[in-house]
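# An overview of the molecular structure
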Amino acid sequence: MTQMTQRPPFGENSPHPGSRAADRVRHRTVQAGGLEVPILEAGSGPLVLCLHGFPDHAVSWTGLLDRLAQEGYWAVAPAQRGYWPGGAAPDGSYRAFSTGQDTLTLIEALGREQADLIGHDFGAVAAYAAASLDPTRVRKLVGMAVPYGPQLRTAFVTNGDQQRRSWYMFFFQTAMAEAAVALDDFAFIDRLWQEWSPGYELPDAERAALKETLRAPGVLTEILGYYRQLFTPPADEAALALQARSRRAITVPSLYLHGADDNCMSVELSDGMDDVFTNGLERIVVPGAGHFLHLEQPKTVADHILGFLNILQRPPTRSDAGSKA
C-alpha cells in the first residue's frame, strides 16, 4: 500500500536541487513494517534497492538511481529507520537484523518477490543481513565501504589502526554525543566527511539537504541508536537467534567495492571476505575514492555495479548465444 506525500519527504532542499537527475526522481511513501517509509525512485523494470548509511541519507543515491533507471531498472532508495520524523524503530532496534528485515519487508511492500541490493556503510550492513536472513528474496548483492564477516567485529578490539579510525563510534556511546554532533550547524558531521573522504567536498546544496535531514525532530537521537546498540547483544532470546541468522554466510552472488583512500574503514578489513561468500564474491578497490565512493567516483562505481547486475539480467544477444554454442 502506497501513499503520495504533499511535501517531499526528504525536505525542501533535496534531492540535488536543479539537477537533471533529481528532476527524474520521484518521491512518495510506502507503508512497510509499521512505518510510512519515504522513498526516492526512478525508472521501471527489475527492482534495485539502494540503502544508505551514516552520516548520509537516501538523497545521495540520486545520481545512481537515475543511471540505474536509464539502464532499465526500477531503482528505489528508502530512508533507513530513524531517519525521518515519525520513523523511529517501532521495536526500538537499530541492529543489523532489524534493518535487514526492513529491507525484506520493503521488497514485499513494493510488490516484488526479489530485488538486487546495493548498500553503503550501514546500508551495506542491512543488505548483508537481508541476504543472510532470506537469500531467496535477493538476486544479487553489492556492498560498499563496510565489509562483512567476523574480521570486522574483532578489528574494533585487536586492530589499533581501526580503533583510531573508529573513535567516533566510542564517542557516540557518551551522553554528550547528541549535543556535540549538532553543535555549530553540525560541524561534527562536516569533520567526518572531510576525514573519511579526504579531498572530496560535498556541494553546498547537498550538504544543506543532509543537515536538514539530521536536524529534523527526533532524528539525531534515533540514528545514534545504530551505534549505541552496536557493541551490545540484544537481551531477548528470540532477537539473539535472529541476530545469529543475520550473520550467516552469504549465498547470493556478491560484489564488494571499497575506496582506496577510505579513512573510516580500512580497505584491509575486506581481506578474507571470500570465506563467507559461498556463491562468489568480486572485490574491487576503487582508486581516487574515500568512504563515500559512490559520490566521489560516480561513473566508475556505477559502471562496476551495472557490469555486475547486468550479468544474466538482460536477454542474451545474438553474439552471446553464438558464444555459448
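Residues numbered from 1 in each chain as written. Predicted model: local features only at pLDDT ≥ 70, side-chain atom pairs only at ≥ 80, totals over all residues. Heavy atoms only, no water.

## Remarks on empty space enclosed by the protein
To keep it simple, the criterion reads: Here a cavity denotes grid points, spaced 1 Å and computed from the protein atoms alone, that fit a 1.4 Å probe unable to get out, and a pocket denotes an open set having protein on both sides within 12 Å along at least 5 of 7 lines; residues with an atom within 4 Å of a point are the lining. Grid points are joined across faces, edges and corners, and a volume is the space filled by probe spheres set on the points. Under the DSSP-based scheme used, a helix requires at least four consecutive residues in state H or I and a strand at least two consecutive residues in state E, with every element numbered from the N terminus. Residues are grouped as follows: Ala, Val, Leu, Ile, Met, Phe, Trp, Tyr, Cys and Pro are nonpolar; Asp, Glu, Lys and Arg are charged; every other residue, Gly included, is polar.
Tallied over the full model, the rule gives three cavities of 30 Å³ or more. Reported here for the largest cavity is a volume of approximately 140 Å³. Taken together, 14 residues make up the lining of the largest cavity; nearest its centre are Val37, Ala79, Asp102, Thr103 and Leu106. Secondary-structure elements contributing two or more residues to the lining of the largest cavity are β3 (35-42) and α3 (96-109). Among the elements that make up the lining of the largest cavity, the one with the highest residue count is α3 (four residues). Considered class by class, the residues forming the lining of the largest cavity number eight nonpolar, four polar and two charged. Each pocket or cavity is described by its volume, and for the second largest cavity that value is around 70 Å³.

## Some points on the pairing of strand β7 (residues 138-144)
The test is simple: The buried label applies to any residue whose accessible area, calculated with a 1.4 Å probe on protein chains only, is under 20% of its type's maximum; exposed applies above 50%, and partly exposed to all values in between. Any two strands with at least two DSSP bridges between them are considered paired. Seen with its strands pointing away from the viewer, a crossover is right-handed if its path from the first strand over the helix to the second goes clockwise.
A large share of β7 lies buried, amounting to six of its seven residues. Where strand β6 (residues 115-120) meets β7, five bridges bridge the pair, whose relative direction is parallel. Counterpart to Ala115 in the pairing with β7 is Val138. With helix α4 (residues 122-133) bridging β6 and the parallel β7, this β-α-β connection has right-handed handedness.

## Observations concerning the confidence of the model for the protein chain
Low pLDDT marks regions whose predicted coordinates should not be analysed in detail. So the rule is basically this: Values of pLDDT, ranging from 0 to 100, describe the predictor's confidence in every residue of the model. Whether two residues are in contact is decided by their heavy atoms, any of which lying within 4.5 Å being enough.
In the predicted model, the protein chain carries a mean pLDDT of 90, and the fraction of residues at 70 or more is 90%. Predicted confidence for residues 314-325 stays below pLDDT 50, and this span has one contact to residues more than four positions away or in other chains.

## Examining unusual backbone geometry
For the peptide bond that leads from Phe54 to Pro55, omega is -10°, which places it in the cis range. When you line up the elements, Pro55 lands in the loop between β4 (47-51) and α2 (62-70). The phi dihedral of Phe186 is positive, around 60°, even though this residue is not glycine. By the secondary structure assignment, Phe186 is in helix α8 (residues 177-196). For Phe186, a relative accessible area of 4% puts it in the buried group.

## A word on the pattern of salt bridges
Spelled out, the test is: Any Lys or Arg side-chain nitrogen found within 4 Å of a carboxyl oxygen on Asp or Glu counts as a salt bridge.
Going through the model one piece at a time under the given rule, you end up with 18 salt bridges. Taking the shortest distance from any N to any O, the salt bridge between Arg67 and Glu71 comes out at 3.9 Å. The class of Glu71 is partly exposed, set by a relative accessible area of 41%. Of the charged contacts in the structure, one is a salt bridge between Lys299 and Asp303, with a shortest N-O distance of 2.8 Å. Taken together, the positions of Lys299 and Asp303, both in helix α14 (residues 298-309) and four residues apart, correspond to about one turn of that helix. In this structure Lys299 comes out as exposed when scored by relative accessible area, which is 58%. Of the residues examined, Asp303 reaches a relative accessible area of 31% and is grouped as partly exposed. One salt-bridge network, held together by shared partners, links Asp185, Asp190, Glu201, Arg207, Lys211 and Arg215.

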